[in-house]
Amino acid sequence: MRTLARLLPGHGILALLFFAAILMAWSILFAMQAFPGGAPLAGQSGIGALLWLCSNTVAVTGYGTSFLMWVLMTLAMMAPTAFPAFRTYADLTHTAAANSLSLAVLIAGYLSVWLGFSVAAAFVQVRLASLGLIDPLGRSTSHVLSGALLVTAGLYQFSALKAACLKACQSPMAFFLTHWRPGSRGALRLGLRLGAVCLGCCWALMLLAFVAGTMNLAIMALAMVLMTLEKLPEIGAKINAPLGVFLILAGTTVIVLPFLPN
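None of the values given here were measured: they were computed from a predicted structure.

A. Quick peek at the environment of Leu-133. With respect to the helices and strands, Leu-133 occurs in the loop between α7 (100-130) and α8 (143-156). Distance from Leu-133 to His-143, taken between C-alpha atoms, is 9.6 Å for residues ten residues apart in sequence.

Below you can see the structure in the form of structure tokens.
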């Protein structure tokens, strides 16, 4: 508890709940891998029913499966990347500018943006599945689709919007001071704005889940690390362009390779 209190000074309980939610999300995702068909748990209630819902395909359970999976993915992957910003906001409590309630509201506002992203991503997944463009594990079956997603993510690394959003994520103190609003309502607006900025940074990388599979935990963990490193000023400046070049080359290769003569 003392360690958590140091991570978010003055907000030990909130820090506990924050990291417990992330751990729960990763644990459920791992459990979904351990019980890919959900058969041993299909007749149970509670966590068993949840695992059955998450571990069956979109064709079996419909939109709810995809939506719940994306909610878990965004919580597991995106909440940790925003922790430096949450920590910066928590530091402002030393000036009596904010309190635990406003920090909780800020985090809720941030996560609500990614909840909206989950709604859209789940719709895309269901639509792609209906067209036969992804398999039951959420992995693209089309080399053109896979390549297009990779190239799009690579090109976006060099866009002005990505640069602007990344700059805000890398300088959370400047971001909060620029857009500061007092009280819980102000915290909600800050959280929504922070979520929008984070979404502007990471949406293209998140959609690469359709290339490797939405249930590929190794790729999810790698993407989380990359997105976290991007938001660190010194490291992010060094990996942003190389990552973009790599994605463009990878996507071009994926598109072109099947057309080359054997």
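B. Summary view of helix α14 (residues 233-256). Helix length check: α14, at 24 residues, gives a terminal C-alpha distance of 35 Å against a target of 34 Å (1.5 Å per residue), a fit within 8%. Of all bends in α14, the biggest is about 30°, found at Ile-239, and the proline Pro-242 comes one to four residues later. Buried residues of α14: Gly-236, Asn-240, Leu-243, Gly-244, Leu-247 and Gly-251, and no others. Residues of α14 that are buried make contact with α8, α9 (160-170), α11 (183-206) and α13 (217-230).

C. Quick look at the pattern of salt bridges. Taken as a whole and assessed by the stated rule, the structure comprises two salt bridges. Measuring nitrogen to oxygen at the nearest pair gives 2.9 Å for the salt bridge that ties Asp-135 to Arg-139. One salt bridge in this structure joins Lys-162 and Glu-230, with 3.0 Å as the shortest N-O distance. Of the two residues, Lys-162 sits in helix α9 while Glu-230 sits in helix α13, which places them 68 residues apart along the sequence. No difference in accessibility class separates Lys-162 from Glu-230, as the two residues are buried.

D. Fine view of the packing of helix α6 (residues 83-91) against helix α10 (residues 172-179). For the pair α6 and α10, interaxial distance at closest approach is 9 Å and the crossing angle is 55°. With respect to their mutual orientation, α6 and α10 come out oblique. The chirality of how α6 crosses α10 is right-handed. On α10, the residues that touch Pro-84, Ala-85, Thr-88 and Tyr-89 of α6 are Pro-172, Met-173 and Phe-176. Here the contact of α6 with α10 is composed, by residue class, of six nonpolar, one polar and no charged.

E. Representation of the packing of aromatic side chains within the structure. Applying the stated criterion to the full structure yields 14 aromatic pairs. Grouped by ring-pair contacts, the aromatic residues Phe-18, Phe-19, Phe-83, Phe-86 and Tyr-110 constitute a single cluster.

F. Representation of the confidence of the model for the protein chain. Looking at the protein chain as a whole, its pLDDT mean stands at 83, while 81% of the residues score no less than 70. Here helix α4 (residues 58-61) is the element of the protein chain with the lowest mean pLDDT, 52, and α8 is the one with the highest, 96. Here residues 38-45 is modelled with pLDDT under 50, and outside its nearest four sequence neighbours on either side it reaches nine contacts, counting other chains as well.

G. Layout of the environment of Leu-111. Looking at where Leu-111 falls in the secondary structure, it is placed in helix α7. According to the relative accessible area criterion, Leu-111 is partly exposed, its value standing at 29%. The spacing of Leu-111 and Thr-74 is 37 residues in sequence and 8.4 Å in space, taken between C-alpha atoms. Not counting residues up to four positions away in its chain, the partners in contact with Leu-111 are Leu-75 and Ala-79.

H. Highlighting the environment of Ala-129. By secondary structure assignment, the location of Ala-129 is in helix α7. Residue classification places Ala-129 among the partly exposed positions, given a relative accessible area of 32%. Placed twelve residues apart in sequence, Ala-129 and Thr-141 show a C-alpha to C-alpha distance of 9.8 Å.

Conventions used here
Residues numbered from 1 in each chain as written. Predicted model: local features only at pLDDT ≥ 70, side-chain atom pairs only at ≥ 80, totals over all residues. Heavy atoms only, no water. Helix = DSSP H or I, 4+ residues; strand = E, 2+ residues; numbered from the N terminus. Expected span 1.5 Å × (residues − 1). Bend = angle between axes of the 7 residues up to and from the residue. Buried < 20%, exposed > 50% of the residue type's maximum accessible area, 1.4 Å probe, protein only. Contact = heavy atoms within 4.5 Å. Salt bridge = Lys/Arg side-chain N within 4 Å of Asp/Glu carboxyl O. Axes fitted to C-alpha atoms, helices over the stretch in contact; angles between N-to-C directions. Parallel < 35°, antiparallel > 145°, perpendicular 65-115°, else oblique. Left-handed = near helix turned anticlockwise from the far one by under 90°. Nonpolar A, V, L, I, M, F, W, Y, C, P; charged D, E, K, R; others polar. Phe/Tyr/Trp six-rings, centres within 6.5 Å; stacked < 30°, edge-to-face > 60°. pLDDT = per-residue confidence, 0-100.

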